[in-house]
Structure formats: C-alpha cells, structure tokens
Amino acid sequence: MESENIIYSKKYINCSREELLEAVSQVMSPKRFTHVKGVEKAALELARQYRVDYEKVSIAALLHDYAKEQLDEEMRDIIISENMDLELLQYGNNIWHGPVGAILIRNRFNVTDSEILDAIRHHTVGAPQMGLIEQIIYVADYIEPNRIFEGVEEARALSKSSLKEAIAFSTLKTLKYLLEKNVKIYPRAIETYNAWVVQK
Ligand SMILES: [Fe+2]
Ligand SMILES: [Fe+2]
C-alpha cells in the first residue's frame, strides 16, 4: 500500500491524510517531518505484511512524534493536569513525547481510538504488552528508511520474518546504548526488556 493512496474514512480522525500531513509539518523541523513520513512508509509495509488496518497505522505513524518539539513547560503542565505518573517529571521530552503526545493528540485532533493512542503513547519505550499496531509503530520508528546506524539492516530483515524478534532486537540495542551512555533509564523500558527480550 503506497501511503499516497490511503483515503481516510474519517472514522478515526476528522481530516484527510493531506491535511494531517500539513498539520504535522507545522510542529516540527523538516528533518523530523522526513523521519515521520519514513515511519509511515515502513509502518504501512509492516501493516500489509501483518494484515493490520492501513488507516489506523498511517494516522499513528504520522502523529507519533507530534509532541517531540513541543515546549517542556507545556508538557510538564499536561503531566500534572492529567494526573500522569509524576515520576515522568524526572525525565525529559525523549520520554514525555509518547505519553504526553497521546493526550495532546486526543485533545487537538479528537482521536479516541485506543489502538492509535497506545501506539503513540508507547512508541519510544514500548510496553510489556503491545497490540499489533503498537508493535508496528515501535518497529517502524527504528527501521524507517532514513535511519542509518549499525544494526538497522538486521532489524529490517528481522521485521520481515518476525515482528517480535524485531522488537526484541531493537529493545536490547536501545537499552545497551542508553546503559553505555550512563543515562537514567525509565523503568518502563526495563519492563519492556523483561517482557520482550528475556527468555524469548
Ligand atoms: Fe519518538
Ligand atoms: Fe520517531
């Protein structure tokens, strides 16, 4: 399925794909927008392979990094006003833009579909249990065509044979990378590791 051929039914979001692209392009740098379109492309390939709803996958992909360049102040306010886990405040946009992004998207675009919102919410650190759309966005974010890093080809190959193997591979690589940088690990990332990487 080529992304240009997708026509939104307006069941999940009250705009066309072209209008959504325009709205997304306005809240991020051109480089990030290119990444977002790459994630949609990779995600739609996975959606075809694993027989998942194209429209939901396209919407989740185009919106997954919507909050990546939002102001920290605004993000903090949402964490507090929405009674989110206050431990989040010890982290930054890298961890916030998924869960806070899901809230922003619900408020600004009236998206209420839980599969779309969960895919956005969990795209960075994953979750112990993820449905197919969550799995696809998590993997597509890692393997989209603009990504260049050691191991990306292996992740792409794995995604063609097993989504679960691709999740395990990318989760382990990301965690190792963070540990080597001596940065604070958000506990949910460990839960994702325990669920998807350990004792496969
Ligand atoms: Fe992201
Ligand atoms: Fe992303």
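Remember, predicted model here, so these are calculated numbers, not experimental data.

**Notes on the nonpolar core**
Ranked by internal contacts, the top residues of the largest apolar core, which has 67 residues, are I13, L20, V57 and L63. Residues contacting V57, with those up to four places away along its chain left out, are A43, L44, A47, V52, I133, I136 and I137.

**What about the coordination of the iron ion (ligand 1)?**
The coordination sphere of the iron ion (ligand 1) contains the protein donors D65 (OD), H97 (NE2) and H123 (NE2), at a distance range of 2.1 Å. Each donor residue of the iron ion (ligand 1) belongs to the same chain, and together they define the spacing D-x31-H-x25-H. Here the iron ion (ligand 1) and the iron ion (ligand 2) are spaced 3.5 Å apart, and both take D65 as a donor. On the criterion of sequence distance, the pair formed by H97 in the loop between α5 (93-96) and α6 (99-109) and H123 in the loop between α7 (114-121) and α8 (132-143) is long-range, its members being 26 residues apart. Across the pair, exposure class does not vary: H97 and H123 are buried alike.

**Overview of the coordination of the iron ion (ligand 2)**
Taken together, H35 (NE2), H64 (NE2), D65 (OD) and D141 (OD) make up the protein donors of the iron ion (ligand 2), found 2.2 to 2.3 Å from the metal. Viewed at the metal, the four donor atoms of the iron ion (ligand 2) are separated by angles of 83 to 174 degrees, and the geometry they form is irregular. One chain supplies every donor for the iron ion (ligand 2), spaced along it as H-x28-H-D-x75-D. In this structure H35 comes out as buried when scored by relative accessible area, which is 11%.

**Section: the side chain of N93**
Among the secondary structure elements, N93 is positioned in helix α5. Here the side chain of N93 touches K68 through a polar contact of 3.2 Å, landing on its backbone oxygen. When sequence neighbours within four positions are dropped, the list of residues in contact with N93 reads A67, K68, Q70, D72 and M75.

**Observations regarding the pattern of salt bridges**
Evaluation of the coordinates by the stated rule reveals 12 salt bridges. In this structure, the salt-bridge partner of R188 is E191, at a minimum N-O distance of 3.5 Å. Residue R188 and its partner E191 are located together in helix α11 (residues 187-196), separated by three residues, close to a single helical turn. Since its relative accessible area comes to 29%, R188 is described here as partly exposed. A cluster of three or more residues bridged by salt bridges with shared partners is formed by K56, D113 and E115.

**Observations concerning the packing of aromatic side chains**
Evaluated as defined, the whole model comprises three aromatic pairs. Ring centres of Y66 and F109 lie 5.3 Å apart, and the angle between their planes is 85 degrees; this geometry places the pair in the edge-to-face category. Pair noted here: Y66 is in the loop between α3 (54-63) and α4 (72-81) and F109 is in helix α6, with a separation of 43 residues, a long-range link. Classification of Y66 as buried rests on a relative accessible area of 5%. Between Y142 and F149 the ring centres are 4.9 Å apart and the planes differ by 70 degrees, which places this aromatic pair in the edge-to-face class.

**Some thoughts on the packing of α3 against α7**
Relative to each other, α3 and α7 sit at 35 degrees, their axes nearing to 9 Å. Crossing angle aside, the handedness with which α3 passes α7 is right-handed. Contact with α3, carried on its side by K56, I59, A60 and L63, involves E115, I116, A119 and I120 of α7 and no other residues of that element. Taken together, the residues of the contact of α3 with α7 break down into six nonpolar, no polar and two charged.

**Some words on the environment of F109**
The class of F109 is buried, set by a relative accessible area of 14%. Taking the C-alpha atoms as reference points, F109 and L63, separated by 46 residues in sequence, lie 10.0 Å from one another.

**Structural notes on the UniProt feature "domain: HD" (unreviewed entry) in the chain**
Sites flagged by UniProt as "domain: HD" (unreviewed entry) map to residues 32-146. Within residues 32-146, the helical portion is 63% and the strand portion 0%, while the C-alpha atoms at the span's ends are 10 Å from each other.

**Digging into the side chain of R156**
With respect to the element layout, R156 can be found in helix α9 (residues 152-161). One polar contact links the side chain of R156 to the main-chain carbonyl oxygen of I143, over a distance of 2.9 Å. Reaching out from R156, the side chain makes a polar contact with the side chain of E153 at a distance of 2.9 Å. Those residues within four positions of R156 in sequence are excluded, and the remaining contacts are I143, E144, P145 and R147.

What counts and how
Residues numbered from 1 in each chain as written. Chains lettered and ligands numbered in written order. Predicted model: local features only at pLDDT ≥ 70, side-chain atom pairs only at ≥ 80, totals over all residues. Heavy atoms only, no water. Core = buried A, V, L, I, M, F, W, Y, C linked by side-chain atoms within 4.5 Å. Buried < 20%, exposed > 50% of the residue type's maximum accessible area, 1.4 Å probe, protein only. Contact = heavy atoms within 4.5 Å. Donors = N, O, S within 2.8 Å, 3.2 Å for Na, K, Ca; no water. Helix = DSSP H or I, 4+ residues; strand = E, 2+ residues; numbered from the N terminus. Tetrahedral: all angles 85-135°; square planar, octahedral: opposite > 155°, others 65-115°. Polar contact = N/O pair within 3.5 Å; in protein donor to acceptor, adjacent residues only side chain to side chain. Salt bridge = Lys/Arg side-chain N within 4 Å of Asp/Glu carboxyl O. Phe/Tyr/Trp six-rings, centres within 6.5 Å; stacked < 30°, edge-to-face > 60°. Axes fitted to C-alpha atoms, helices over the stretch in contact; angles between N-to-C directions. Left-handed = near helix turned anticlockwise from the far one by under 90°. Nonpolar A, V, L, I, M, F, W, Y, C, P; charged D, E, K, R; others polar. UniProt positions renumbered as here; feature names shortened; annotations may be inferred.

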